[in-house]
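Here is what each chain is made of, one letter per residue.
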Amino acid sequence: LHNGLSRPSLLHLDLSAKQAARQHLHIAPDSCVLLSVARLESGKGQADLLQALARLRSHKCQLILLGEGPRMESLKKICQELDLSQQVQFVGFTESTELYYAAADLFVSASTLDSLPNALIEAQAAGLPIIAYATAGVPEIIDHARNGYLIEPRQLTPFAEHIEQWINDSAIRHTMG
């Protein structure tokens, strides 16, 4: 089965797992955690995610980027330029992704390269609502406005608006997740 769930433990995450993960990662209970899991390379859209996050400075929100790759240093530089260094955590490669999925409130993906990303399947298994670019096979797994939002590539204003909606409304986050 192509794109099957490789981490079935994600199906069993609950509130106690979220609380434990946040405590382990030193994340404030009132912080909204955005998660993105992808190789840091051109076309994966992390720079777009940083631009969208920059529009949300008034919110207690942070972005965790899991992955490594050739764009790491340039993305860190963008963080500095946008004054986001305190809101963005670069984790690098890890096999312990369950910990980060458990700690997250929503999953974000601005990739224009992936046909059907495993990370989106994992996010759904973890009960996370998703905001992603509507490219390739992504619309096949996200039912717009039901379990996530599909955004046209490079449309940062609607991307940021949907993040803000979920920051302000945990009930809709839970329902869509």
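A. How the structure looks around the side chain of glutamine 46. Note that glutamine 46 resides in helix α2 (residues 46–54). With sequence-adjacent residues up to four places away left out, glutamine 46 is seen in contact with Ala38, Arg39, Leu40, Glu41, Leu65 and Leu75.

B. Just the packing of α2 against helix α6 (residues 156–168), in detail. Following both chains from N to C, one finds α2 and α6 inclined at 60°, their axes separated by 9 Å at the closest point. Judged by the inter-axis angle, α2 sits oblique to α6. Helix-helix and strand crossings are classified by hand; for α2 and α6 the assignment is right-handed. For the pair α2 and α6, the contacting residues are Asp48, Leu49, Gln51 and Ala52 in the first and Leu156, Phe159 and Ala160 in the second. Within the contact of α2 with α6, the residues separate by chemical class into five nonpolar, one polar and one charged.

C. Molecular detail of the nonpolar core. Counting 34 residues, the largest nonpolar core has Leu34, Leu50, Leu63, Val88, Val108, Ile131 and Phe159 as the members making the most contacts within it. At six residues, α6 tops the list of elements feeding residues into this core. Leaving out residues up to four positions away in the same chain, leucine 50 has contacts with Leu63, Leu75, Ile78, Cys79, Leu82, Leu84 and Val88. Within the second largest apolar cluster, 25 residues are counted, among which are Ile27, Leu66, Ala104 and Ala132.

D. Representation of the sheet that holds strand β5 (residues 130–133) within the structure. Pairing is parallel across the open sheet formed by six strands, whose spatial order is β3-β2-β1-β4-β5-β6. Pairing within the sheet leaves two strands with one partner each, and these edge strands are β3 (88–92) and β6 (148–151). With direction set aside, neighbouring strand axes in the sheet form an average angle of 20°. Sheet analysis places strand β1 (residues 32–37) next to strand β4 (residues 106–109), joined by two bridges and oriented parallel. Bridged to leucine 35 within β4 is phenylalanine 107.

E. Looking closely at the side chain of serine 31. Along the chain, serine 31 falls in the loop between α1 (15–24) and β1. On the accessibility criterion, serine 31 (7% relative accessible area) is buried. Side-chain polar atoms of serine 31 contact the side chain of glutamine 62, separated by 3.5 Å. Each residue touching serine 31, except ones within four places of it in the same chain, is listed here: Arg22, Lys60, Cys61, Gln62 and Asp105.

Here is what the cut-offs are and how they apply
Counting restarts for each chain, with residues numbered from 1 along the sequence as it is written. This being a predicted model, a pLDDT of at least 70 is required before a residue's local features are given, and a value of 80 or more before pairs of side-chain atoms are given or counted; all residues contribute to the totals for chains, interfaces and linings. Derived side-chain values reflect all non-hydrogen atoms in the structure, with water molecules and hydrogen atoms excluded from consideration. A run of H or I in DSSP counts as a helix once it spans at least four residues, and a run of E counts as a strand once it spans at least two, with each numbered from the N terminus. A contact between two residues is defined here by any heavy atoms of the two lying within 4.5 Å. Helix axes are fitted only over the stretch in contact, all axes being lines through C-alpha atoms; the angle between N-to-C directions runs from 0 to 180 degrees. These descriptions rest on fixed angle ranges, namely under 35 degrees for roughly parallel, over 145 for roughly antiparallel, 65 to 115 for roughly perpendicular, and the rest for oblique. Handedness of a crossing is defined here by the sense of rotation of the near helix relative to the far one, left-handed for an anticlockwise turn of less than a right angle and right-handed for a clockwise turn. Each residue is assigned to one class: nonpolar for Ala, Val, Leu, Ile, Met, Phe, Trp, Tyr, Cys and Pro, charged for Asp, Glu, Lys and Arg, and polar for all the others, Gly among them. Nonpolar cores are built from buried Ala, Val, Leu, Ile, Met, Phe, Trp, Tyr and Cys residues. Side-chain atoms within 4.5 Å join them into one set. Using a 1.4 Å probe on the protein chains alone, a residue whose accessible area is under 20% of its type maximum counts as buried, one over 50% counts as exposed, and one in between counts as partly exposed. When DSSP locates at least two bridges between a pair of strands, those strands are taken to pair. We define a polar contact as two N or O atoms separated by no more than 3.5 Å, with the added condition that, inside protein, one atom must be a possible hydrogen donor and the other a possible acceptor, whereas residues neighbouring each other in sequence contribute only through side-chain atom pairs.

Read these as geometric descriptors, not functional statements.
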